[in-house]
Each structure stands twice: as structure tokens, then as C-alpha cells.
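An overview of the molecular structure
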Amino acid sequence: MPYRHHCYACDAVSDRHDQRADAEAAQQDHRDTAHGGHAPRAGDRIERVHAHGRGDFRTGERWPIGAYIAGLVLLLAMLAECVG
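Here's a quick rundown of the structure. (Residues numbered from 1 in each chain as written. Predicted model: local features only at pLDDT ≥ 70, side-chain atom pairs only at ≥ 80, totals over all residues. Heavy atoms only, no water.)

1. Thoughts on the pattern of salt bridges
For clarity, the cut-off: Only one rule defines a salt bridge in this text: a Lys or Arg side-chain nitrogen within 4 Å of an Asp or Glu carboxyl oxygen. Numbering of helices and strands runs from the N terminus; a helix is a DSSP stretch of H or I covering at least four residues, while a strand is a stretch of E covering at least two.
For the structure on display, the rule yields three salt bridges. Between Arg 4 and Glu 47 there is a salt bridge; the shortest N-O distance is 3.1 Å. In this pair, Arg 4 is assigned in strand β1 (residues 3-7) and Glu 47 in strand β3 (residues 44-48), connecting sequence segments 43 residues apart.

Rendered as C-alpha cells:
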């Protein structure tokens, strides 16, 4: 699962990293650059990035297949009522 660094002090968010160690390196780089090597008072952390937060989905792939099946069943039920 991908990771990213989020700094709450300056609201900076790193790029997505496949390895936690890479996100931790980005965290330390940000601390060195923006906070003199120290952890910010407001805090920062390494976060897991879940599928919807990663931006991996393309248009039309955001809903699970069950939602499409349920919609189809409802549509067929409405058509069955109309036809008789």
C-alpha cells in the first residue's frame, strides 16, 4: 500500500511512495528544508494512501461493481412493472 508524508504545520504533502522508507526519507528531507531538521510543532506523519486517495481510478471506475449490478436490477424491476 502506498504512503505519503503530510506536514500539518505547513500543510505540505509529499508525492506517493510505494515503500514506507521512501516516505520517511521525504519526511526527513522536508524537515531539513522547512523546519531546520526538527519535527514541526503542529506535527507531521506518514500516512497510508488508500485507493480512492491515490488517484489511480479513471473516470467510470470509481464505483464498485455491486453498485452497477444493483442499478441494473432496479432498472429491470421498473421495466417489469411498466410492461406488466
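2. Concerning unusual backbone geometry
Inclusion rule: A simple rule labels every residue: compare its accessible area, found with a 1.4 Å probe on the protein chains alone, to the largest value its type can have, and call it buried under 20%, exposed over 50%, or partly exposed in between.
Of note in this structure, Asp 11 is not a glycine but carries a positive phi near 55°. With respect to the helices and strands, the residue Asp 11 is situated in the loop between β1 and β2 (12-13). On the basis of relative accessible area, Asp 11 is assigned to the exposed category, the value being 56%.

3. Let's talk about the environment of Ala 25
The residue Ala 25 is located in helix α1 (residues 20-34) in this model. With a relative accessible area of 38%, Ala 25 lands in the partly exposed category. Sequence separation between Ala 25 and His 5 is 20 residues, and the spatial gap between their C-alpha atoms is 9.1 Å.

4. Remarks on the sheet that holds β2
To keep it simple, the criterion reads: Whether two strands pair depends on DSSP finding at least two bridges between them. Any pair of residues with heavy atoms lying within 4.5 Å of one another is described as a contacting pair. In this analysis an axis means a line fitted to C-alpha atoms, helices contributing only their contacting stretch, and an angle means the value between N-to-C directions, from 0 to 180 degrees.
Taken together, three strands build an open sheet; the order of strands is β2-β1-β3 and the sheet is antiparallel. Of all strands in the sheet, those bounded by a partner on one side alone are β2 and β3. In this sheet, β3 lies alongside β1 in antiparallel orientation, the contact comprising five bridges. When the sheet's bridge partners are listed, Arg 4 is paired in β3 with Glu 47. Along the sheet, α1 contacts β1, β2 and β3; its crossing angle with β1, the most-contacted strand, is approximately 20°.

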